[in-house]
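Architecture and fold: a report
Below are the chains, spelled out letter by letter.
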Amino acid sequence: MKAIRRFTVRPVLPEPLQPLSDLARNLRWSWHTETRELFESIDPAGWRATGRDPVRLLGAVSAARLAELAGDRPFLDRLAAAAAGLDTYLRGERWYQERDEQGAELPAAIGYFSPEFGVTAALPQYSGGLGILAGDHLKAASDLGVPLIGVGLLYRHGYFRQSLSRDGWQQEQYPLLDPNELPVTLLREPDGAPAQIVLTLPGARSLRACVWQAQVGRVPLLMLDSDVEENGPGEREVTDRLYGGGSEHRLLQEMLLGIGGVRAVRTYCRLTGHPEPEVFHTNEGHAGFLGLERIRELMAGGLGFEASLEAVRAGTVFTTHTPVPAGIDRFDRELVARHFGDDGELPGVPAERVLGLGMETYPGGEPNLFNMAAMGLRLAQRANGVSTLHGAVSRRMFAGLWPGFDPSEVPITSVTNGVHAPTWVAPEMARLGDAEGVPDADVWAVRRALREQLVTEVRARLHASWRQRGAEAAELGWIDGVLDPDILTIGFARRVPSYKRLTLMLRDPERLTELLLHPERPIQIVVAGKAHPADDGGKRLVRELVRFADDPRVRHRIVFLPDYGMGMAQKLYPGCDVWLNNPLRPLEACGTSGMKAALNGCLNLSVLDGWWDEWFEPDFGWAIPTADGSSADENRRDELEANALYELIEDRVAPRFYDRGGNGLPDRWIEMVRRTLVSLGPKVLAGRMVREYVERLYAPAAAAHRALDAETASELASWKYRTRTLWPYVSVDHVETVAATGAGGGAGGGAELGSTLSLRVSVGLGELRPEDVEVQAVAGRVGSDDTIVDAQTFPLKPAGGPDLEGRWVYEGPLALDRTGPYGYTVRVLPAHPLLATSADLGLVALPTEATGEGAGVLLR
């Protein structure tokens, strides 16, 4: 019989053990080795059985064992030390406070919104890289003392659990998560009632949500949960599962995350006294509606829509993680319109203005679709991609939002992702200390021990997987011989969209088999990854890989492990010698799994995409050549790149691993491990990433936010309206080269390096003033189509005017500092002290063909 109601009976801890509750409820234990070891010592078997979750462990430990521990002086001493360490960690000044005291003028608080957070396997609210990155962002912010407030949703089924059918087809299960069994607490009003957030839905309906709080070190993480009794059945299911449901379901999730998330932050700050955020960070477009709620707040205080928009944009940071348009949530215009306006959410905010922020009104867009990334970019004054290459890809992808500007000038910068070392570095590697001075033998001993741990883990997981697939225990004796701790081990674990190419390694099955079974230099491969439940193409890739790995000839050398998650990853990264990544370039935004592997001395074997394109050196691993010129023929491209992968493993990777010196050690391999730890390791840290966000994005956003009080925001909005209205009358009427000086230069179609051209430009401003614009020369090398590349800008200054026809003259020098085909043009841009970039308004005036002899001059 099934229970009609479920609840959790909590243990009563003896008084001496009370600090265990605080240690279990603060997720710092997930990256603090000593605290985890303390919990493990309570009941080692129970620790493993509960998935290394302190909250579940304390709920399962017997009263007799608790009583025994309450009288165990060594245990109580360790408990007291752990509790004191946590208290010091939470209260002490850290990097952020020191920077603030030095006059850095940092924001009082930052709201960080994400649809998923991967903090620990004990809080399964993530699907892949986006969530793990968000979790690492919170942890690094905590370590640095950054006053972040995380905001997400609490999914009652989390993401799916993956298993395999007998023939290798992915199957999904959605276990119910009871928040009372998770490391979270309910946010309550002073009278003890649960705090609630309410959204208005069409048809006089409401969507209500309570707020659960997880404590990630110093950082609170607020998660909204719609499974409350006051909701109807449909509304209760809004937060049922991550990335599930149809369009309206996803829209409601994103409205709850963005609009409800801002309201949750306001409630949390009211109840706790935490400073209100001055900066709001939107981690991908899913949370973009947060800007609309902040506009509503300001309009409710009497500010107009345009002024409110300017104030909100000033304090908003938007991070895009996708390199492909298909990765962006887009909704039908009518669906969005139905949920906003006076009959829905944000009364007082015109629905047409809401729609205008997200519609794809740019060239190549779908005019009837509402694009969450477009809204995120229009609502944020600062935006970034997550690697240098991804920043360039994003500038090209979103260039339509800034017509008239080259992609290189689109105001999207990049902050390369990082990973949280205490979470991902194996304790054995951490205990090595500074790898620079560690003897080779010690480095190799640790690497082998980690490989051996992975072998044990793989065998246990593989056995469990085959039992789920219907195998009898008597059939599975072969699993005891799967993998070998002395064989070169390659790891590949990703989500399974087609562009990540899970099965590229299978392009030539016989050649892969030869590599696996090589008599002198064999390899072994551990593979994991989930396909989206709705992606049958991805599921077919999983089945293809599983069927190959099931072959009795090779199943001891290649395995597929289902249900990839944080728990598996923390064994997989340290235990591998090589981390394989072979996406279609440039479709990998960052690829942080390789970073986690590198921190454990694992060498990367990857396509030059994401972060590897930025930081690859031969000391750190190998770059898989790409067949970019064959992109039109997918089969040919994959064939070329698979062959390049096989050759690298056969000719360079495996020989380097098995090449042993007189001491029996692979000296050159160990040196690569050492260089990876010493030189690459500091670059891939989440602490570096968060410091960059603070200094390059959060601090400038806070300054812009403070500069825009109601009056200033209104003035800026009025100036923008006037400038947009009058911009059609701005023109570049004539451009001429007055003279060239230095190095014998001349103005007649050629010049010498080091010479300087003097430009004179006649500009029509209509009713705008010189202080409303900036006039620039743009110069650089030119290609065969006369397009300027590697452009530099040179400011031109007013020299006179207006003349009788209202034209202004601008002049300035143009230094010729490059050889080869060279050219320039002239443009006029809006200018205002409060604009973050000259491209802010997306307005530019360029010369026409009839402008004059200087328009687009080429110097060869």
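Here we summarise the structure given alongside this text. The model shown is predicted, which means the values in this text are computed figures rather than measured ones.

Summing up its helical and strand segments, the protein chain has 28 helices and 27 strands in all. Relative to the globule expectation of 29 Å for 860 residues, the C-alpha radius of gyration of the protein chain, 30 Å, shows essentially globular dimensions. Taken along its principal axes, the extent of the C-alpha atoms in the protein chain is 95 × 70 × 50 Å. The buried share of the protein chain, reckoned over its 860 residues, is 55%. For the protein chain, the share of sequence-separated contacts (at least 6 apart) that also reach a separation of at least 24 residues comes to 72%. For the protein chain, the exposed area adds up to about 33,800 Å²; of that, 50% sits on carbon and sulfur atoms. On the protein chain, the mean spot of the 91 positive side-chain charges and the mean spot of the 115 negative ones are 4 Å from each other.

The next point concerns the sheet that holds strand β20 (residues 621-624). What the 6 strands build is an open sheet, ordered β17-β16-β15-β18-β19-β20; its pairing is parallel. Pairing within the sheet leaves two strands with one partner each, and these edge strands are β17 (558-561) and β20. Sheet twist, expressed as the mean angle between neighbouring strand axes with direction ignored, is 20°. Where helix α20 (residues 509-516) meets the sheet, it contacts β16 (523-528) and β17, and its direction lies at approximately 120° from that of β16. Strands β16 and β17 of the sheet are contacted by helix α21 (residues 536-550), whose axis makes an angle of about 135° with β17.

Another point: empty space enclosed by the protein. Summed over the entire model, instances satisfying the criterion amount to 8 cavities of 30 Å³ or more. Empty space within the largest cavity amounts to approximately 80 Å³. Considering the residues around the largest cavity, the lining is formed by 13 residues, among which L462, W466, R469, D550 and F560 are closest to the centre. Secondary-structure elements contributing two or more residues to the lining of the largest cavity are α19 (440-468), α21 and β17. Among the residues making up the lining of the largest cavity, the classes are represented as 9 nonpolar, 1 polar and 3 charged.

Another aspect to go through is the pattern of salt bridges. Taken as a whole and judged by the stated rule, the model has 59 salt bridges. One salt bridge in this structure joins R674 and D440, with 2.2 Å as the shortest N-O distance. One end of the pair, R674, is in helix α26 (residues 667-680); the other, D440, is in helix α19, with 234 residues separating them in the sequence. Of the charged contacts, one joins D659 and R668 as a salt bridge, the two residues approaching to 3.5 Å between their closest N and O atoms. On the basis of relative accessible area, D659 is assigned to the partly exposed category, the value being 38%. Since its relative accessible area comes to 47%, R668 is described here as partly exposed. By sharing partners, the salt bridges in this structure join E436, D440, E671, R674 and R675 into a single network.

To continue, consider the nonpolar core. Of all hydrophobic cores here, the largest spans 101 residues; its most connected members are L488, M505, I525, L605, W622 and W669. The element best represented in this core is helix α25 (residues 634-658), accounting for 10 residues. Aside from chain neighbours lying at most four places away, what touches M505 is F492, L512, I525, V527, L545, I558, L580 and Y646. Judged by nonpolar contacts, the second largest core, of 55 residues, contains I259, V262, V265 and V312.

For the coordinates displayed, the defined rule picks out 19 aromatic pairs. Considering the side-chain rings of W444 and F657, the 5.5 Å spacing of their centres and the 55° angle between planes classify their relative orientation as tilted. Note that W444 is positioned in helix α19 and F657 in helix α25, a separation of 213 residues in sequence. A single burial state applies to W444 and to F657, both of which are buried. We note R28 situated over the ring of Y89; from NZ or CZ to the ring centre the distance is 4.5 Å.

The complete set of buried residues in α20 reads R511, L512, T513, L515 and L516. Looking at the packing, one finds that the buried side of α20 touches β16, α21, β17 and α25.

Where the residue is not glycine, phi is negative for most of them; where a peptide bond is considered, it is trans in most cases. Here the amide bond leading from R585 into P586 is cis, since omega sits at 5°, within 30 degrees of zero. Within the secondary structure layout, P586 lies in the loop between β18 (578-581) and α23 (593-598). Even without being a glycine, R501 presents a positive backbone phi close to 55°. Structurally, the position occupied by R501 is in the loop between β15 (488-493) and α20. Look at D563: it is not a glycine, yet its phi comes out positive at around 65°. Mapped onto the elements of the fold, D563 is located in the loop between β17 and α22 (566-575).

All right, on to the packing of α19 against α22 then. The geometry of α19 relative to α22 is characterised by a closest axis approach of 8 Å and an angle of 140° between their N-to-C directions. Comparing their axes, α22 and α19 come out oblique. The element α19 and its partner α22 pack so that their crossing is left-handed. Residues R447, L450, R451, Q453, L454, E457 and R461 of α19 form the contact with α22, whose participating residues are G567, M568, K571, L572, P574 and G575. Partitioned by chemical class, the residues of the contact of α19 with α22 number 5 nonpolar, 3 polar and 5 charged.

Once that is clear, we can look at the environment of T316. Mapped onto the elements of the fold, T316 is located in strand β10 (residues 316-319). Spatially, the C-alpha atoms of T316 and A845 are 28 Å apart, while their sequence positions differ by 529 residues.

When strand β23 (residues 773-782) meets strand β24 (residues 788-800), the two strands line up antiparallel, connected through 7 bridges. Bridge pairing in β24 links V782 to I788. Judged from the 3 bridges that link them, β24 and strand β25 (residues 807-815) form a sheet pairing that is antiparallel. Paired with K797 across the two strands is E811, which belongs to β25.

Turning our eyes to something else, we now look at the pairing of strand β2 (residues 148-153). In terms of residue burial, β2 counts as a mostly covered element, since 6 of its 6 residues are buried. Both faces of β2 are covered, namely the face carrying L148, G150 and G152 and the face carrying I149, V151 and L153. Taken together, the 4 bridges between strand β1 (residues 110-113) and β2 define a ladder with parallel strand orientation. Along β2, the bridge assignment pairs G111 with I149. A crossover connection joins β1 to the parallel β2 through helix α8 (residues 129-144); in handedness this β-α-β unit is right-handed.

Cut-offs used in this document
Residues numbered from 1 in each chain as written. Predicted model: local features only at pLDDT ≥ 70, side-chain atom pairs only at ≥ 80, totals over all residues. Heavy atoms only, no water. Helix = DSSP H or I, 4+ residues; strand = E, 2+ residues; numbered from the N terminus. Rg over C-alpha atoms; globule rule 2.2 N^0.38 Å. Buried < 20%, exposed > 50% of the residue type's maximum accessible area, 1.4 Å probe, protein only. Contact = heavy atoms within 4.5 Å. Areas by Shrake-Rupley, 256 points an atom, 1.4 Å probe, with all protein chains shown as cover. Lys, Arg positive; Asp, Glu negative; His and termini not counted. Charge placed at Lys NZ, Arg CZ, Asp CG, Glu CD. Pairing = 2+ DSSP bridges. Axes fitted to C-alpha atoms, helices over the stretch in contact; angles between N-to-C directions. 1 Å grid on protein atoms, 1.4 Å probe; cavity = no way out; pocket = protein on both sides within 12 Å on 5 of 7 lines; lining within 4 Å. Points joined across faces, edges and corners; volume = space filled by probe spheres on them. Nonpolar A, V, L, I, M, F, W, Y, C, P; charged D, E, K, R; others polar. Salt bridge = Lys/Arg side-chain N within 4 Å of Asp/Glu carboxyl O. Core = buried A, V, L, I, M, F, W, Y, C linked by side-chain atoms within 4.5 Å. Phe/Tyr/Trp six-rings, centres within 6.5 Å; stacked < 30°, edge-to-face > 60°. Lys NZ or Arg CZ within 6 Å of the ring centre and 35° of its normal. Parallel < 35°, antiparallel > 145°, perpendicular 65-115°, else oblique. Left-handed = near helix turned anticlockwise from the far one by under 90°. Right-handed = clockwise from strand over helix to strand, strands pointing away.

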